[in-house]
Amino acid sequence: MAGSLAGEEAAVVSGRRGGPLIVTEDVELLDDLLRLCAAAGAEPEVHHGPPGRRGSWERAPMVLVGDDAAARCRGAGRRKGVMLVGRDQDDPDVWRRAVEIGAEYVLRLPDSEGWLVDQIANAAEGVGRPALTVGVMGGRGGSGASTLACALAVSAARSGRRTMLIDADPLGGGIDVLLGGERAEGLRWPDFAQSKGRLGGGALEDSLPALHGLRVLSWGRDDEVVIPPQAMRAVLAAARRLGGVVVVDLPRRVDEGVAEALAQLDLGLLVVPGELRAVAAAKRVASTAGMVLDDLRVVSRGPYASGLDGSWVARAIGLPLVGELPWESGLLDSQDDGTPPGGDARSSLARFCAAFWDQVAAAGDTSPVTGPRGGGAA
């Protein structure tokens, strides 16, 4: 066969690249490769023999060539991402065939299955810059951490960022309630509690409720579920691979699952009311979270006790001050009207969040941020 292997153009669904091109007539090998593609959340294009139209060989994010099909692929154009796949561990001619088709890797199943699943998922989703992942936790109960997490996510989505909000606090009542989406269709944490290994980022995104321009992973209404560390790791890793922004609403108590979430954050925000007891409680939270998270910063919140301000609160805890969270007296009334925290772009909370994202972007996403104070910048 001369020229390029070809076929229909690889599909792009929901902003993701198409799955791999598989070329084989070996039924058992094909079954294995289809299984691995399903595990990676990818939909492959399959050709049992030479494809009849031009394009697939060049456009597919990767090409998996079975041992049986190597001879038929000798005339294909050279490209990156070609892998020769088979089962015979002792085949003396496998390297010669790999050179003939320009394969970058020679894979033997089942030994290479785990590695191949990761490569298929990377190729199907595209490997770009991981999402900026921000965690929000309260210095004490009722500090407003969930409200800030919601507002940050809504603000990020409004600015055009690809955004996912993850509720990692099983006792918080469900962050989807703050967004008015407790009845929205989609999966919740109980559906992911047994997850381990690798989740497809696109499959995760598509399965979650879409609210106010972002995707939300919250808790079920009736199920009390403990999220094992491996499930938290799988979900957050999948979310981060999508790029954009991930906001995580965290509890104050750090268990194994929360420690896994903290380990995947780029930065954490500790919301601290301006009162002495809240500062004392926040110091204990910061000490525990700081054992896992390197970059933890304070967001102070008024009203302040006499003699206190945001700078004093941050100094007392020993962390950098991001800014002072504005107070909005009509926040509950807005939620009753269907407007989520930060949903009104003119509100002081929304302006605070927009200024935060602007400053994080200007600082290169991870360097220290100072301000905004009060209502933030417009």
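Basis of the calculations
Residues numbered from 1 in each chain as written. Predicted model: local features only at pLDDT ≥ 70, side-chain atom pairs only at ≥ 80, totals over all residues. Heavy atoms only, no water. Helix = DSSP H or I, 4+ residues; strand = E, 2+ residues; numbered from the N terminus. Buried < 20%, exposed > 50% of the residue type's maximum accessible area, 1.4 Å probe, protein only. Contact = heavy atoms within 4.5 Å. Areas by Shrake-Rupley, 256 points an atom, 1.4 Å probe, with all protein chains shown as cover. Pairing = 2+ DSSP bridges. Right-handed = clockwise from strand over helix to strand, strands pointing away. Expected span 1.5 Å × (residues − 1). Arc of directions from axis to C-beta. Axes fitted to C-alpha atoms, helices over the stretch in contact; angles between N-to-C directions. Phe/Tyr/Trp six-rings, centres within 6.5 Å; stacked < 30°, edge-to-face > 60°. Parallel < 35°, antiparallel > 145°, perpendicular 65-115°, else oblique. Left-handed = near helix turned anticlockwise from the far one by under 90°. Nonpolar A, V, L, I, M, F, W, Y, C, P; charged D, E, K, R; others polar. 1 Å grid on protein atoms, 1.4 Å probe; cavity = no way out; pocket = protein on both sides within 12 Å on 5 of 7 lines; lining within 4 Å. Points joined across faces, edges and corners; volume = space filled by probe spheres on them.

Draft legend 1. View of the overall build of the protein chain. Along the backbone of the protein chain there are 13 helices and 13 strands. Here the protein chain holds 378 residues, and the buried ones make up 54% of them. Considering only residue pairs separated by 6 or more positions, the protein chain has 71% of its internal contacts joining residues 24 or more positions apart. On the protein chain, roughly 16,900 Å² of surface is accessible, and the fraction owed to carbon and sulfur atoms is 49%.

Draft legend 2. Structural context of the pairing of strand β13 (residues 321–325). Most of β13 sits out of view: five of its five residues are buried. In the sheet, strand β12 (residues 296–301) pairs with β13 via four bridges, with the strands oriented parallel. Looking at the pairing, Arg301 lines up with Leu325 of β13. Handedness of the crossover joining β12 and β13 through helix α11 (residues 310–317): right-handed.

Draft legend 3. Seen up close, helix α10 (residues 276–289). For α10, which comprises 14 residues, the first-to-last C-alpha distance of 20 Å matches the rise-based estimate of 20 Å (1.5 Å per residue) to within 8%. Turning to α10, its buried residues number three or more, namely Ala278, Val279, Ala281, Ala282, Val285, Ala286 and Ala289. Down the axis of α10, the sector holding all buried residues measures 165 degrees, keeping them to one side. α10 presents Leu276, Arg277 and Arg284 as exposed residues on the side facing more than 90 degrees away from its buried surface.

Draft legend 4. Seen up close, the sheet that holds β13. Spatial ordering of the open sheet is given by β8-β9-β7-β10-β6-β11-β12-β13, a layout of eight strands whose pairing is mixed. In the strand order of this sheet, the two ends are held by β8 (210–211) and β13, each with one partner. The sheet strands contacting α10 are β6 (132–138), β11 (267–273) and β12, and the helix crosses β11 at an angle near 165 degrees. The strands that helix α13 (residues 348–362) touches are β6, β10 (245–249), β11, β12 and β13; relative to β13, the one it contacts most, it runs at about 165 degrees.

Draft legend 5. Inspection of the packing of aromatic side chains at higher detail. Using the criterion set out here, one finds three aromatic pairs in the structure. Geometrically, the ring pair formed by Phe356 and Trp357 is edge-to-face, given 5.1 Å between the ring centres and 65 degrees between the ring planes. There is no split in this pair, since Phe356 and Trp357 are both buried.

Draft legend 6. Region of the structure containing the environment of Lys196. Among the secondary structure elements, Lys196 is positioned in the loop between α6 (175–178) and α7 (201–207). Residue Lys196 is classed as exposed on the basis of its relative accessible area, which comes to 64%. Measuring from C-alpha to C-alpha, the distance between Lys196 and Pro228 comes to 9.1 Å, with 32 residues separating the pair along the chain. Among residues more than four places away in sequence, those in contact with Lys196 are Gln230 and Ala234.

Draft legend 7. Structural detail: the pairing of strand β9 (residues 214–217). Where strand β7 (residues 163–167) meets β9, three bridges bridge the pair, whose relative direction is parallel. Within β9, the residue paired with Met164 across the bridge is Arg215. Examined bridge by bridge, β8 and β9 share two bridges and lie antiparallel to one another. The partner of Ala210 across the bridge, within β9, is Arg215. Hairpin connection from β8 to β9: two residues lie between these consecutive antiparallel strands, with His212 at a positive phi of about 55 degrees.

Draft legend 8. Up close: the packing of α10 against α11. One can describe the packing of α10 onto α11 by two numbers: an axis separation of 9 Å at closest approach and a directional angle of 40 degrees. One element, α10, and the other, α11, form an angle in the oblique class. Pair α10 / α11 crosses with right-handed handedness. The segment α10 lies against α11, with Leu276, Val279, Ala282, Lys283 and Ala286 engaging Trp312, Val313, Ala316 and Ile317. Here the residues of the contact of α10 with α11 are counted per class, giving eight nonpolar, no polar and one charged.

Draft legend 9. Looking closely at the layout of surface pockets. The space that makes up the largest pocket amounts to roughly 800 Å³. Around the largest pocket sit 38 residues that line it, and Asp169, Pro170, Leu171, Gly172 and Pro251 are the ones nearest its centre. Sort the elements by how many residues they give to the lining of the largest pocket and helix α9 (residues 256–263) lands first, with three residues. Per-class residue counts for the lining of the largest pocket are 16 nonpolar, 11 polar and 11 charged.

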